[in-house]
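One-letter residues, chain by chain:
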Amino acid sequence: MPDQVRPLFVMVHGIGMSHRYWDKLERKLIEYGDTLVLDLPGFGGTTTPDRPLDVADYAAVIAHTLDQEGAQGCVVIGHSMGAQFSTELAISRPDLVSHLVLIGPVTDSEHRSPVKHTLMLAVDTLIERPVTNLMVATAYAQCGIPWYLQELPAMLDYRLDDRLPLVSCPVLVVRGTRDIIAGHDWCDKLSCNARHGHLVEIPGEPHAAHRGGASTIATAVLDLVRNHPPLQTLPAPSAPDSSRGEPVYRNRSVRSYPPSLRSPEKAVELRSITVGDRQCRSYLIGRSTEGRPGPDGEDPAPVFVLIHGIGMSHRYFRRLGFLLAAYGDVHLIDLPGYGWTRRPAHASSTTATAELIGKLLDEAGSSTCVVVGHSMGVQSATELALLRPDLVSHLVLIGAAVDVERRTIRQQALTLSINSLLEKPLLSMVQFFDVLRCGPRWYLAQLRLAMSYPLEERLPLAAQPVLVLRGSRDLVAGTAWSERLAHQSQHGEATTIDGAPHAAHHSAPRAVAATVIGFLRRSRDIVRVEAGPGPEPVVSDIASPTDG
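Since we're looking at a predicted model, the values are computed, not measured.

Caption draft 1: Expanded view of the overall build of the chain. Looking only at helices and strands, the chain features 20 helices and 15 strands. Here the chain holds 548 residues, and 57% of them are scored as buried. Summarising the internal contacts of the chain: among those between residues at least 6 apart in sequence, 78% fall at separations of at least 24. Accessible area of the chain: about 21,100 Å², with a carbon and sulfur share of 54%.

Laid out in structure tokens, this is it:
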């Protein structure tokens, strides 16, 4: 039997979109190979380039990134305009592409008019699922209509039907039978033009066929890989985790790519680990090369791990994250069931969540971590410090929950409702969409679990230095409760950010960043002011990022 090969599935989005709409297909393929999902320049919240890019430019960016990954012979999957990028990559760098999959490829030679194409996109929204339309609207808002219109001519001018015959690897063309943008005749023509082409149609699916038809497409992709060398056989799904008897899937990464090949250091990386049906993600903001030195002026710099509270996601930590990135790498965590992670069948314990975070940080090669938890995220942060003292050096608890005097769901719901009136409107908008994504059932299941966690009993067991931080207007974590936690800690201190509500890290990120850096200095563990003649770090000099 031929040797089993674990392939790398590379997924390339279309115009206006981002990595997020690949989540369903990614889940199907991860059992059989690693996945790399792209946010190309100008899309998915990445910086807009200073000039229009053509299809060859995007292919060069993808090739540059795959070279950095040390990848070869990838299964490259492109959707819509991403099919053009993928095709050009296969032509220019055949060493990087072993199999090519084109889903809903554009642009049909019969529909090259900008007006006609835009009208077809509008009609397609009437066929797509509501969740897909929400993803599309969010992604288009991120990239902006001006950038979309700048890139539209490049899509309409690219002659996919002329370029595809130059591809030497096997090609799978996929479309939904209700796809009015990539019609049957056009896709059949492409599959016939390819040297080794095959057409698969997904019954009842529209243009984004990889959403509703993820299972069928995954099967077709796996059949393509099995039936065409050099990847003759696929491995079975990963072996169970020895400690829990659950399958473990690792080495997944999503990257938001730089606006040009000249600035690879601007990449933002996402890593993910899945144990059973529990998935945890980390958005890594690399230490800024243009910012200030680490707090002690010398490497190794600390690694900051930011863990969100109930119902939220990594997004509301972005302001603080970009400030702390001036001093060290920053991991913004999405816990199971939140953000864009899958929702598990059942709520898991705080201990299990902490174990999952620890495994994710191990996979990322992180150590000497300053773990920052907010609200109910302080429970996972505390448990991680207890389970992995080798990994956690300092513990920062912002708006620690749940106060032992208000440990009922009714009291917490009332307090959180009143507190929402004090938060910034932008946070309320982020919170609305994050809670909508996690869903009320998962929210309530996690809330009941959080009510039973005895933070006041677990925190005193942590040997790390502990900073308990709250905003002066925080109704969730009161003064007496926060001071009690600091007093009970082995090495604890409490501080208050004037004028800040519960999410102090979002409303007053500079003050919180300065407080955290000051806490690290005083601990003289990771950060030693006396070490070296380097410049004194000043948080207020760091440029504040735009929070999306």
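Caption draft 2: The arrangement of the pattern of salt bridges in detail. Applying the stated rule across the entire model yields 18 salt bridges. Between Arg93 and Asp67 there is a salt bridge, and its shortest N-O distance comes to 2.9 Å. Of the two residues, Arg93 sits in the loop between helix H3 (81-92) and strand E4 (97-103) while Asp67 sits in helix H2 (residues 55-69), which places them 26 residues apart along the sequence. You can call Arg93 partly exposed: its relative accessible area is 23%. Residues Arg129 and Glu205 are paired through a salt bridge, measuring 3.0 Å at the closest nitrogen-oxygen approach. Highlighted residues: Arg129 in the loop between helix H4 (114-124) and helix H5 (130-143) and Glu205 in the loop between strand E6 (197-202) and helix H9 (209-212), separated in sequence by 76 residues.

Caption draft 3: Here's a closer look at the nonpolar core. Among the nonpolar cores identified, the biggest contains 63 residues, and Leu25, Ile77 and Phe304 are the most heavily contacted of them. Broken down by element, the residue count for this core peaks at 8 residues, all from helix H10 (residues 214-227). For Leu25, the contacting residues outside a window of four places in its chain are Met11, Ile77, Ile103, His210, Ala214, Ile217 and Ala218. Listed in part, the 51 residues of the second largest apolar core include Met81, Val106, Cys143 and Leu190.

Conventions and cut-offs
- Residues numbered from 1 in each chain as written.
- Predicted model: local features only at pLDDT ≥ 70, side-chain atom pairs only at ≥ 80, totals over all residues.
- Heavy atoms only, no water.
- Helix = DSSP H or I, 4+ residues; strand = E, 2+ residues; numbered from the N terminus.
- Buried < 20%, exposed > 50% of the residue type's maximum accessible area, 1.4 Å probe, protein only.
- Contact = heavy atoms within 4.5 Å.
- Areas by Shrake-Rupley, 256 points an atom, 1.4 Å probe, with all protein chains shown as cover.
- Salt bridge = Lys/Arg side-chain N within 4 Å of Asp/Glu carboxyl O.
- Core = buried A, V, L, I, M, F, W, Y, C linked by side-chain atoms within 4.5 Å.

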